[in-house]
Amino acid sequence: MIILGIETSCDETAAAVYCTERGILSNKLFSQIDLHKAFGGVVPEVASRSHLEKINLIITQALETAHVTLDDVDVVAVTNKPGLPGSLLIGVCFAKAIAFAQNKKIIGIDHLEGHAFSAFLEYKVPFPHLCITASGGHTSMYLVKGFGDYHTIGTTVDDAAGEAFDKIAKMINLPYPGGPEIEKMAREVDFKDFFHYPRGKEKTLNFSFSGLKTAVLYDLVKKGAFDLKTKTFLKNDDIRLKQQVASSLLVCISDIFKNKLALAVKKYPDVKALTFVGGVACNKYIRAQLQEFAAQHNLTLYVPAPQYCTDNAAMIAFVGAYKAQQNKFSDLTLDILR
Ligand code: KG4
Ligand code: ZN
């Protein structure tokens, strides 16, 4: 069976072809990062316009690279939640048009389910396992029992981990997206924990990053590096300080993940593996730390390749494949959900 996956929930226009017998045949995307950089974050109107411009091209490229035509496609799988409404609509309308014109089956996919199963694009992960998904919009922990059978056991009560990286990076004048910049800066100072930001004491599986953001802000104010009135970073030329903030932040967020996982493996002792997915899972330092944690607990950690960590359509096509096998189709009344 051949599945065409389409993903336009945020700032990536993505299409991929997945074959149930042969695996991933193509994974194409246009990243809008450069369009949004000037604004320091994603601008919804700019995002949906760009999706509209690029979607035809990206789908064509995905089909060509996979050496298939629309005739060969059995199912169109498209992200219909959650995300920016104007962006989701482009993908869903395009998918519905293909399904209608070519008489194809269509399935609406939850973007987060895509991330949750993205490790399966490369690995056979045993069930049950724990999954940490950390991206710019979401940070959650799931207990995953089977394909499509996953339960949220912890989620962020405020900001997502990627959002914390992005917002704190902005505070010290680093470009968007902040995560990769913070990692680069932290590497320069060997990932040392200079300022020991608070890890949070709560013994729950929920995440909270907004307190961390405030703690970093007030620490900068105390150091005379940030002016609250004008909201400006005052030490732009002090590279050393930027590196120290970046490194302390990265070590702190990594520790928070390890602390939550330690709680979770105690609560769910039957899990056979761990997965770490979403844009933040591109981070080599956190990957290595979680690898160490997994080894200490006799568990295997599976982390997707970077192109499957950040938003992509391959993970959407993969979920579409097992949903099709489970006979869970949508129809042409498919709509976006927020
Ligand atoms: O999954 P994703 O591409 O989009 C969402 O669904 O949000 O994740 C994007 C997020 C951004 O917040 C970005 O800063 C973060 O992933 N990110 C990283 C790294 N690469 C991307 N965070 C930390 N370290 C990285 N190397
Ligand atoms: Zn995502």
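Residues numbered from 1 in each chain as written. Chains lettered and ligands numbered in written order. Predicted model: local features only at pLDDT ≥ 70, side-chain atom pairs only at ≥ 80, totals over all residues. Heavy atoms only, no water.

### Here's the deal with the nonpolar core
Then, number 1: Counting residues in hydrophobic clusters, the biggest one holds 56 residues, and the most contacted among them are Leu212, Leu220, Phe257, Phe276 and Ile286.
Then, number 2: Counting residues per element, the ones that place at least two in this core are strand S6 (129–134), strand S7 (139–146), helix H5 (161–171), helix H6 (178–188), helix H7 (210–222), helix H8 (239–267), strand S11 (273–277) and helix H9 (284–296).
Then, number 3: Here this core takes 13 residues from H8, the largest share from any one element.
Then, number 4: Setting aside its immediate chain neighbours within four residues, Phe257 contacts Ile132, Ala134, Thr139, Ala161, Phe207, Phe276, Val280, Ile286 and Leu290.
Then, number 5: Of all hydrophobic cores here, the second largest spans 34 residues; its members include Ile109, Leu112, Val277 and Phe318. (Core = buried A, V, L, I, M, F, W, Y, C linked by side-chain atoms within 4.5 Å. Buried < 20%, exposed > 50% of the residue type's maximum accessible area, 1.4 Å probe, protein only. Helix = DSSP H or I, 4+ residues; strand = E, 2+ residues; numbered from the N terminus. Contact = heavy atoms within 4.5 Å.)

### So, the pairing of strand S3 (residues 23–31)
Then, number 1: Summarising the sheet, strand S2 (residues 12–19) and S3 pair through eight bridges and their orientation is antiparallel. Each bridged residue has a counterpart across the sheet, and for Cys19 the counterpart in S3 is Gly23.
Then, number 2: If you look at the hairpin formed by S2 and S3, you'll find three residues sitting between the two strands. (Pairing = 2+ DSSP bridges.)

### Focus on the side chain of Asp311
Then, number 1: The residue Asp311 is located in the loop between helix H10 (306–309) and helix H11 (314–325) in this model.
Then, number 2: With no salt bridge to any partner, buried Asp311 finds its closest opposite charge in Arg287, at an N-O distance of 14 Å.
Then, number 3: At 3.1 Å, the side chain of Asp311 forms a polar contact with the side chain of His111.
Then, number 4: Polar contacts involving the side chain of Asp311 include one to the side chain of His115, which spans 3.0 Å.
Then, number 5: Ignoring sequence-local partners within four residues, the contact set of Asp311 consists of Glu7, Ser9, Cys10, Glu12, Leu29, His111 and His115. (Lys, Arg positive; Asp, Glu negative; His and termini not counted. Salt bridge = Lys/Arg side-chain N within 4 Å of Asp/Glu carboxyl O. Polar contact = N/O pair within 3.5 Å; in protein donor to acceptor, adjacent residues only side chain to side chain.)

### Looking at the environment of Ser87
Then, number 1: Mapped onto the fold, Ser87 is located in helix H3 (residues 85–102).
Then, number 2: For the pair Ser87 and Gln326, spaced 239 residues apart in sequence, the C-alpha separation works out to 28 Å.
Then, number 3: Beyond its immediate sequence surroundings of up to four residues, Ser87 is in contact with Thr8, Ser9, Cys10, Ala47, Ser48 and His51.

### Re the packing of H6 against H8
Then, number 1: Put simply, H6 and H8 touch, their axes get as near as 7 Å, and they point 105 degrees apart. In terms of their interaxial angle, H6 and H8 are classed as roughly perpendicular. The residues of H8 that touch H6, namely those facing Ile182, Glu183, Met185, Ala186 and Glu188, are Lys242, Gln243, Ala246, Ser247, Leu249 and Leu250.
Then, number 2: In terms of residue class, the contact of H6 with H8 is made up of six nonpolar, two polar and three charged. (Axes fitted to C-alpha atoms, helices over the stretch in contact; angles between N-to-C directions. Parallel < 35°, antiparallel > 145°, perpendicular 65-115°, else oblique. Nonpolar A, V, L, I, M, F, W, Y, C, P; charged D, E, K, R; others polar.)

### Focus: H7
Then, number 1: The terminal C-alpha atoms of H7 lie 18 Å apart, and with 13 residues this matches the ideal 18 Å at 1.5 Å per residue to within 8%.
Then, number 2: Against the buried residues of H7 lie H5, strand S9 (226–227), strand S10 (232–233) and H8.
Then, number 3: Positive backbone phi, at 70 degrees, marks Gly224, one or two positions downstream of H7. (Expected span 1.5 Å × (residues − 1).)

### A closer look at the pattern of salt bridges
Then, number 1: Scanning the model with the defined rule gives 11 salt bridges in all.
Then, number 2: A salt bridge links Lys213 to Asp159; its shortest N-O distance comes to 3.0 Å. Of this pair, Lys213 sits in helix H7 while Asp159 sits in the loop between strand S8 (149–155) and H5, and the two are 54 residues apart along the sequence.
Then, number 3: Across the salt bridge formed by Asp193 and Arg199, the nearest N and O atoms sit 3.1 Å from each other.
Then, number 4: For Arg199, a relative accessible area of 16% puts it in the buried group.
Then, number 5: Here the residues in one salt-bridge network are Asp159, Glu163, Lys167 and Lys213, joined through shared partners.

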